[in-house]
Every structure is written in structure tokens, then in C-alpha cells.
Amino acid sequence: MNDNNMKKILFYVNSQFGIGHFERCYNIIKSIEENYEFEDLDTYLIYGGLKYEKYNTLEKTKICHLTSLSFQSNENLISSTPISLSPNLSVNEIFLERKNQITMFVNKICFDLLFIEYFPFSKQSLISEVEYLINLISNKSLKIATSIRDFMTKDNAFNQEYALNFIKRYCSEVFSHGDPNIATLEESFGNIDSIKEKIIYTGYVVNNIFNSNFKQTLVKNRITISVGGGRDGLFAFELFFDALHSLPPNKIVKYEILCFLGKFMEKMDIDKITRRIEKNSSYNIKIKEFDEYQEYIFSSFISISMCGYNTAIELLQSDIPYVFFVPRNRTEQLLRSEAFQKCSNIYWTRSSYVLKTYIEQAIDNKLPIKVKSEIKSDGALQTAKNIMNIVAN
């Protein structure tokens, strides 16, 4: 086919704090690759953050990995300070290099759609990078879509105002990767009347293990605690160990306890967790790499998580009898925990005492297993379908 007739889609995803955005972007692109002919289609991907080896399995997509940088962990994310991960480059030099990489990658390509999987409204420096990309590839036929998670917190008025203005200015569609029967954006993001007609609820984007021949084999003496692929997680482990100390030893000693650390966790947090495990050497506690968690976590009798997007929805799709969420004091995780406990075998708390009580009741089979509700979880495929409809018109 003549190259002028090819449909060209550019994906942009950026995450310095966790792997969740990478996972969602991967599953969406993979769904396009598996369900659509590439005779008249080209897909491109620009991503930042740490190198993500899973993207190597995208066989039909041209990929540009930007020079990595990080951000200081800060509750006030809008003022987070970029950090160089290179011993030879300053932060300014890294941003300049990233711009050059973007320029070379998209040089003279006329794109039909720019899909921004991670809307970086909480990082001022990344906002500039996205706007640089938009100006670079702008053409009369270019359409821009962005995607957001199931909950958009409205804690920061600047973030919300900027997000609304950005969407109104640039985006024709906003993909919300959630189920409106569970929660709508109005519940977490305030007044969205000005962009309401642009919102498309896709359903949850679930890791494709649940669309394959993945089998779960319940191990009744296994407890897992996972903080997903993010940076935060010390809080969850401390809560669990505090609960562990309150449990009668004979109740817990026979259990295998697997701890999955976040892929982006700070070394000092990992060291603190390791020391607490060493202090509890009488228990069968093991540290596992995050990449191994799917091998173990879905065969657990009890699973404990912070209720980040990816791990939470995967646990919700599993058949684990008891799932406990211990969200950090962040609105998004709290809202998701509250919403999910209404539709599945989910319990949540931020108290070590309550967590201890839940674990003990689960071990004694005194905690009710709730009836699961149907949750829309074909978000990758639905997003792929909508993307293809956009470029076809």
C-alpha cells in the first residue's frame, strides 16, 4: 500500500513512579496488534521512565525509549524535582536529549492520532515535553486523545484546572479506563461538564493473563503482600508487620508469607522491610521480585495490596478468597478501595488492628466471602476499537 494511505498512530506514555501506565499502554497496543491487520497501519511508541523489557514483545510497533530520569518522591507532585539518572548528564541535558530523540523519531511522519496514555498534568516538566511533541507533529488531520484511570483525584486545584484546560484545548476524546457502574469521573474529579461529551468509558484494562489459559491453583497456606510496580509501599509492609505481631504465633507460623516489593521502591525502604523480615525470622517470610508476582499472588489464600490500579483490578478478577486493601492516605486508592469492596470479596483498612482481625477471621473461616459482581474488564480491546474508529474517520 502507498505510504501516504497508511494510518499512523503514535502512543506516548511516561511514568517515573510506577509500572502501571506502562502495563496499560502495552495491553492497548498489544490488543491492536492482535486484532487488526497491519497492511495499512503503522503504530509508534514513545516512552520514558525505566526501560521496560516487556515492550520488546510488541512485534509490529516502532519504539523510542527516551533517556530515563526520575523525580524526588513528594506528596506535592506538582513541585516534584526531576533527578538525573545519568552520571554524565544534568537534568537540563537529559530533557534536551529527550527532545532530540523525539524529534528524530517522528521526523517527517504525518500522524493521524496521538494517544497520550499517561496524562502528565502533575509534572510540569513533562507537560512541557508533551506540548513540545504536539507542536512538533501538529497537522490539519491530527487527532489527539488522552487516557486516565478510573479515579482522578481533585485534591490539587491546579492539577484539575490544568487537566480540564489541556483536554479542552487539545483532545477530541478522553478514555476513562474504568467501569461507570463502579464509579464515574464526576465522583472523583469534580465538575467535568465542559469535557463530558469527550469521555469514553472503556472498562478496566486488565493484564492479558486473564484473557489467556492462565490457571489458578489455590494454596491454602500462602499469604502474599504486594505493593505493585510502584515506588510507594513501605506503609503497606509496616501495617502488615504490625498486624503480624498482634496475631497468635500458632495462627500464622504454618503460613508461607511472600513479600513482593515495588519495582521502583527506594533502596532505603527496601532495607527497612528487609530488617523487619529478619526480626521475624521465626516466620516463613520470603522476598520476591515484582516480576514474579503473577506466578504466586493469584494462588494465595489471602492477598494484601495497596489498591493501585493494575494490581487491584487483577486481584478483583482472581478467585482469591480474601483480598485486603491497605491504601495509603491518597484519595485515588481510598476511593478505589471503597468502590471495589461493594462488588467483590474485598475488605479494606488503614489500621493494623483491623487488618489483624481480618486475617485472623479469614484463617478461622469466619470472614464472609462476598458475592462478586460483574465488572467491565475488556478495556484494552474497547480502547483499541475506539482508536481504530478514530483513525478510520
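About the criteria used
- Residues numbered from 1 in each chain as written.
- Predicted model: local features only at pLDDT ≥ 70, side-chain atom pairs only at ≥ 80, totals over all residues.
- Heavy atoms only, no water.
- Core = buried A, V, L, I, M, F, W, Y, C linked by side-chain atoms within 4.5 Å.
- Buried < 20%, exposed > 50% of the residue type's maximum accessible area, 1.4 Å probe, protein only.
- Pairing = 2+ DSSP bridges.
- Helix = DSSP H or I, 4+ residues; strand = E, 2+ residues; numbered from the N terminus.
- Axes fitted to C-alpha atoms, helices over the stretch in contact; angles between N-to-C directions.
- Contact = heavy atoms within 4.5 Å.
- Salt bridge = Lys/Arg side-chain N within 4 Å of Asp/Glu carboxyl O.
- Phe/Tyr/Trp six-rings, centres within 6.5 Å; stacked < 30°, edge-to-face > 60°.
- Expected span 1.5 Å × (residues − 1).
- Parallel < 35°, antiparallel > 145°, perpendicular 65-115°, else oblique.
- Left-handed = near helix turned anticlockwise from the far one by under 90°.
- Nonpolar A, V, L, I, M, F, W, Y, C, P; charged D, E, K, R; others polar.

**Q** Sorry if this is basic, but what is going on with the nonpolar core here?
**A** Across soluble globular proteins, nonpolar side chains show a tendency to be buried alongside one another. Within the largest apolar cluster, 55 residues are counted, with the highest numbers of intra-cluster contacts made by Phe11, Leu45, Tyr55 and Phe340. By size, the runner-up hydrophobic cluster in this structure holds 36 residues, among which are Val227, Ile257, Ile304 and Leu367.

**Q** Could you clarify how one ought to interpret the sheet that holds strand β10 (residues 219-226) in this entry?
**A** Remark on secondary structure: sheet strands pair via backbone hydrogen bonds, oriented parallel or antiparallel. Spatial ordering of the open sheet is given by β12-β11-β10-β13-β14-β15, a layout of six strands whose pairing is parallel. Of all strands in the sheet, those with a lone pairing partner are β12 (284-288) and β15 (346-348), marking the two edges. Each neighbouring strand pair of the sheet contributes to a mean axis angle of 20°, computed without reference to strand direction. Where β10 meets strand β13 (residues 300-305), five bridges bridge the pair, whose relative direction is parallel. By the bridge assignment, threonine 224 is partnered in β13 with serine 303. Helix α11 (residues 331-340) contacts β14 (322-325) and β15 of the sheet and is inclined by roughly 140° relative to β15. Strands β13, β14 and β15 of the sheet are contacted by helix α12 (residues 352-363), whose axis makes an angle of about 170° with β13.

**Q** Could you clarify how one ought to interpret the pattern of salt bridges in this entry?
**A** When their charged atoms lie close together, side chains carrying opposite charge are able to pair. Summed over the entire model, instances satisfying the criterion amount to 16 salt bridges. We note a salt bridge from glutamate 23 to lysine 54, for which the minimum N-O separation is 3.1 Å. Residue glutamate 23 is located in helix α1 (residues 20-35), and its partner lysine 54 is located in the loop between β2 (41-47) and β3 (61-65); the two are separated by 31 residues in the primary sequence. For glutamate 23, a relative accessible area of 9% gives the class buried. Here lysine 286 ties to glutamate 256 by a salt bridge, and the two come within 3.5 Å at their closest N and O atoms. Separated by 30 residues along the polypeptide, lysine 286 in strand β12 and glutamate 256 in strand β11 (residues 256-260) bring together distant segments of the chain. With a relative accessible area of 35%, lysine 286 lands in the partly exposed category. Glutamate 256 gets classed as buried once you look at its relative accessible area, which sits at 14%.

**Q** Hey, could you run me through the packing of aromatic side chains in this one?
**A** Any two aromatic rings considered together are summarised by their centre-to-centre distance and by the angle between their planes. Inspection of the entire model under this criterion finds 18 aromatic pairs. Here the aromatic rings of phenylalanine 115 and phenylalanine 175 are separated by 5.6 Å at their centres, their planes lie at 50°, and the arrangement is tilted. You can see phenylalanine 115 sitting in strand β6 (residues 113-116) and its partner phenylalanine 175 sitting in strand β8 (residues 173-176), a full 60 residues away along the chain. Using a relative accessible area of 0% as the deciding quantity, one classes phenylalanine 115 as buried. Judged by its relative accessible area of 0%, phenylalanine 175 falls in the buried class. Plain terms: the ring middles of tyrosine 347 and tyrosine 358 are 5.1 Å apart, the flat faces sit at 55° to each other, and that makes the pair tilted. With tyrosine 347 in strand β15 and tyrosine 358 in helix α12, this residue pair connects regions lying eleven residues apart in the sequence. By relative accessible area, tyrosine 347 is classed as buried at 10%.

**Q** So what exactly am I meant to see when it comes to helix α13 (residues 379-392) here?
**A** An α-helical turn contains 3.6 residues, so any two residues separated by three or four positions project in the same direction. Taking 1.5 Å of rise per residue, the 14 residues of α13 would be expected to cover 20 Å, and the 20 Å separating its terminal C-alpha atoms lies within 8% of that figure. In this fold, the buried residues of α13 make contact with β1 (7-13), α1, β2, β6, β7 (143-148) and β8.

**Q** What exactly am I supposed to notice about the packing of α1 against α13 here?
**A** The angle between the axes and the distance between the axes are what describe a pair of packed helices. At a minimum axis distance of 8 Å, the contact between α1 and α13 shows a crossing angle of 70°. By the angle between their directions, the pair α1 and α13 is classed as roughly perpendicular. By crossing handedness, the relation of α1 to α13 is classed as right-handed. Contacts between α1 and α13 pair Asn27, Ile28, Ser31, Ile32 and Asn35 from the former with Ala380, Leu381, Thr383, Ala384, Ile387 and Met388 from the latter. Tallied by class, residues from the contact of α1 with α13 come to seven nonpolar, four polar and no charged.

**Q** I tried to follow the sheet that holds β8 on my own but got confused; where do I start?
**A** As summarised here, the arrangement of the seven strands in space is β3-β2-β1-β6-β7-β8-β9, forming an open sheet in which the pairing is parallel. Across the chains shown, the open sheet's two edge strands, defined by having one partner strand only, are β3 and β9 (199-201). The average undirected angle you get between the axes of adjacent strands in this sheet is 20°. For β1 and β2, the ladder comprises seven bridges, and the chain directions are parallel.

**Q** What is the right way to read the pairing of β7 from this model?
**A** Each regular strand carries side chains that alternate between the two faces of the sheet. With five of six residues buried, β7 is to be regarded as a mostly interior element. Sheet topology places β6 next to β7; four bridges connect them, and they run parallel. Residue phenylalanine 115 lies in a different strand from β7, and its bridge partner there is alanine 145. Pairing of β7 with β8, which is carried by four bridges, proceeds in the parallel orientation. Paired with isoleucine 148 across the bridge in β8 is serine 176.

**Q** What is the right way to look at helix α10 (residues 309-317) in this model?
**A** Buried residues dominate α10, accounting for eight of its nine residues. Buried residues in α10 make contact with α1, α9 (293-296), β13, β14, α11 and β15.

Keep in mind these values describe shape, not function.
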